[in-house]
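Working through the structure, step by step
The chain contents come next:
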Amino acid sequence: MRVENVKVTFDIPVHFGQPDKNGYVYTKKSWEEAVKKAADIPTPIEIINDDGTRTALGVTQDIKLVKDGDENIIKVSGILFYGGTSENVEFTKDVITNVTLNGIGITK
């Protein structure tokens, strides 16, 4: 099944004062300002390809920096342009009557 405008929400853990997976250290203020600016405009949800090019898969609708217990999180809500499911199906008179879900997909 393929559909448009798939709603997504995800949490990105962010750590202040210690290196991320790229070895960079961020201040809390730097992310507070970045999230505040990004909240005012749709920000691309994208894949960064090996050659450095970017492929937009969707856009954000809301971005917040929140505290969840001891962890700081960038909470993102948005839509993916296209997505859906990968499944095996059985038909009865041109109508799908049985579905086995194999995976969830993102398409462009």
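Notes on the structure follow. (Residues numbered from 1 in each chain as written. Predicted model: local features only at pLDDT ≥ 70, side-chain atom pairs only at ≥ 80, totals over all residues. Heavy atoms only, no water.)

Description of the overall build of the protein chain
Filter applied, for reference: We count a stretch as a helix when DSSP gives it H or I for four or more residues in a row; a strand needs E for two or more, and each element gets its number in order from the N terminus. Throughout, radius of gyration means the C-alpha value; the globule benchmark is 2.2 Å times the number of residues raised to the power 0.38. Exposure is judged per residue with a 1.4 Å probe applied to protein chains only, and the accessible area is read against the type maximum: over 50% gives exposed, under 20% gives buried, and values in between give partly exposed. In this tally, Asp and Glu contribute negative charge and Lys and Arg positive charge; neither His nor the terminal groups of the chain are included. The atom standing in for a charge is NZ when the residue is Lys, CZ when it is Arg, CG when it is Asp and CD when it is Glu.
When helices and strands are tallied, the protein chain shows 1 helix and 5 strands. Helices and strands in the protein chain line up, N terminus first, as β-α-β-β-β-β. Taking 13 Å as the expected radius of gyration for a compact globule of 108 residues, we find that the protein chain reaches 18 Å, considerably beyond that expectation. For the protein chain, the spread of C-alpha atoms along the three principal axes comes to 60 × 35 × 30 Å. Burial analysis of the protein chain (108 residues in total) assigns 18% to the buried set. With 13 positive and 16 negative side-chain charges, the protein chain shows a spacing of 5 Å between the two charge centroids.

What about the environment of Thr 60?
Condition: We call two residues in contact whenever any of their non-hydrogen atoms come within 4.5 Å of each other.
As for its placement among the helices and strands, Thr 60 is situated in strand β3 (residues 54–68). Here the alpha-carbon distance between Thr 60 and Gly 78, two residues 18 residues apart in the chain, equals 4.0 Å. With residues near it in sequence (within four places) discarded, Thr 60 still touches Ile 41, Pro 42, Thr 43, Ile 45, Val 76, Ser 77 and Gly 78.

Things to note about unusual backbone geometry
The phi dihedral of Asn 5 is positive, around 55°, even though this residue is not glycine. Residue position: Asn 5 is located in strand β1 (residues 2–14). Phi is positive for Lys 93, close to 50°, though the residue is something other than glycine.

Looking at a nonpolar patch on the surface
Just so we agree on the cut-off: Patch building starts from residues that exceed 30% relative accessible area and form no salt bridge, then joins like charges within 9 Å and nonpolar side chains (Val, Leu, Ile, Met, Phe, Trp, Tyr) within 5 Å. Accessible surface area values rest on a Shrake-Rupley calculation with a 1.4 Å probe, where residue burial reflects the displayed protein chains alone. Salt bridges are identified by distance alone: a Lys or Arg side-chain nitrogen within 4 Å of an Asp or Glu carboxyl oxygen.
A surface patch of nonpolar side chains, about 360 Å² in accessible area, is lined by Val 89, Phe 91, Ile 96 and Val 99. Secondary-structure elements contributing two or more residues to the nonpolar patch are β4 (71–92) and β5 (95–107). Inspection of the secondary structure assignment puts Val 89 in strand β4.

A look at the nonpolar core
Put simply, the test is: The definition of a nonpolar core used throughout is a set of buried Ala, Val, Leu, Ile, Met, Phe, Trp, Tyr and Cys residues joined through side-chain atoms within 4.5 Å.
If you look at the biggest cluster of nonpolar residues, it comprises 6 residues: Val 14, Val 35, Ala 38, Ile 63, Ile 74 and Val 76. Only α1 (28–38) and β4 provide two or more residues apiece to this core.

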